[in-house]
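Chain by chain, the residues run as shown.
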Amino acid sequence: MTSILIVEDHPAFAQALTRLLKSRYDAETARTAEDALERLQDSGADLVLIDISLPGRNGLWLLHALQNIRPGIPCLILSGYDSRLYLQQALEAGARGYILKEDLPGLLEGIQAALSGGTYVSAALRDK
């Protein structure tokens, strides 16, 4: 079963994501970038969903760090920020997509795209 690490600091949202994904994927959570790095060193996660706004080091920092410890692991940014600048920075840092938190229907499509080697961007940002 495909394993996903969700890096999200809001417990209720992380729990909702985990429930949504559990029917198709093995999903676990981390609340900080540092916690995510520790888990990924010992974990066989196949994909990482990263909140861009984390306490301490942010999601963009984590994207860069992941390139050193797990090069090529598909990462998707999950964000409440409808920002072309963050989208550009995320893609340049190696993200396979940028999904707005209100685009939960697009989340499953984004995961499939990233696991298949493609990219996904929420429609609200594509249309800007």
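Structure: above.
Summary of the structure given here. Keep in mind it's a predicted model, so treat the numbers as computed, not measured.

Attention shifts here to the packing of helix α1 (residues 11-22) against helix α5 (residues 104-115). In a pair of packed helices, the angle between the axes and the distance between the axes together describe the arrangement. Viewed as axis vectors pointing N to C, α1 and α5 meet at an angle of 55 degrees, and their least axial separation amounts to 12 Å. Judged on the interaxial angle alone, α5 and α1 are oblique. The crossing of α1 and α5 is right-handed. Along the contact surface, α1 presents Phe 13, Leu 17, Leu 20 and Leu 21, while α5 presents Leu 104, Leu 107, Leu 108 and Ile 111. Grouping the constituent residues of the contact of α1 with α5 by class yields 8 nonpolar, no polar and no charged.

One broad trend across soluble globular proteins is that nonpolar side chains are buried collectively. Grouped together as the largest cluster of nonpolar side chains are 28 residues, with contacts concentrated most on Ile 50 and Leu 63. Contributing elements (two or more residues each) for this core: β1 (3-7), α2 (33-42), β3 (47-51), α3 (59-69), β4 (75-79), α4 (84-92) and β5 (97-100). Per element, the largest residue contribution to this core is 5 residues, and it comes from α3. When neighbours within four sequence positions are excluded, Leu 63 is seen to be in contact with Ile 50, Cys 75, Ile 77, Ala 90, Ala 93 and Ala 95. Membership of the second largest hydrophobic core comes to 16 residues, among which are Leu 17, Leu 49, Leu 78 and Ala 114.

Now for the packing of aromatic side chains. For the structure shown, the criterion picks out 1 aromatic pair. Sitting over the ring of Tyr 120, Arg 126 keeps its end group 5.6 Å from the ring centre.

Our focus in this paragraph is the pairing of β1. Counting buried residues along β1, 5 of its 5 residues qualify, which places the element largely inside the surrounding structure. Of the two faces of β1, both are covered, the one formed by Ser 3, Leu 5 and Val 7 as well as the one formed by Ile 4 and Ile 6. Across 5 bridges, the pairing between β1 and strand β2 (residues 26-30) is parallel. Directly across from Ile 4, in β2, lies its bridge partner Ala 27. Note on the crossover from β1 through α1 to β2: the handedness is right-handed. Judged from the 4 bridges that link them, β1 and β3 form a sheet pairing that is parallel. Following the sheet pairing, Val 7 is matched in β3 by Ile 50.

Next up on the list: the side chain of Asp 51. When you line up the elements, Asp 51 lands in strand β3. Within polar-contact distance, the side chain of Asp 51 engages the backbone nitrogen of Ser 53 at 3.2 Å. The contact partners of Asp 51, leaving out residues within four places of it in the chain, are Val 7, Glu 8, Asp 9, His 10, Gly 59, Leu 78 and Lys 101.

Below, the discussion takes up the sheet that holds β1. Here we have 6 strands laid out as an open sheet, ordered β2-β1-β3-β4-β5-β6, and parallel in their pairing. If you trace the sheet from one side to the other, it starts and ends with β2 and β6 (120-121), each paired once. Those strands touched by α4 are β4, β5 and β6, and its axis lies near 145 degrees from that of β5.

The subject of this paragraph is α2. What α2 keeps buried is the set Ala 33, Ala 36, Leu 37 and Leu 40. All buried residues of α2 lie within an arc of 100 degrees about the axis, which places them on one face of the element. Pointing more than 90 degrees away from the buried face of α2 are the exposed residues Glu 38 and Asp 42.

The rules behind the values
Residues numbered from 1 in each chain as written. Predicted model: local features only at pLDDT ≥ 70, side-chain atom pairs only at ≥ 80, totals over all residues. Heavy atoms only, no water. Axes fitted to C-alpha atoms, helices over the stretch in contact; angles between N-to-C directions. Helix = DSSP H or I, 4+ residues; strand = E, 2+ residues; numbered from the N terminus. Parallel < 35°, antiparallel > 145°, perpendicular 65-115°, else oblique. Left-handed = near helix turned anticlockwise from the far one by under 90°. Contact = heavy atoms within 4.5 Å. Nonpolar A, V, L, I, M, F, W, Y, C, P; charged D, E, K, R; others polar. Core = buried A, V, L, I, M, F, W, Y, C linked by side-chain atoms within 4.5 Å. Buried < 20%, exposed > 50% of the residue type's maximum accessible area, 1.4 Å probe, protein only. Phe/Tyr/Trp six-rings, centres within 6.5 Å; stacked < 30°, edge-to-face > 60°. Lys NZ or Arg CZ within 6 Å of the ring centre and 35° of its normal. Pairing = 2+ DSSP bridges. Right-handed = clockwise from strand over helix to strand, strands pointing away. Polar contact = N/O pair within 3.5 Å; in protein donor to acceptor, adjacent residues only side chain to side chain. Arc of directions from axis to C-beta.

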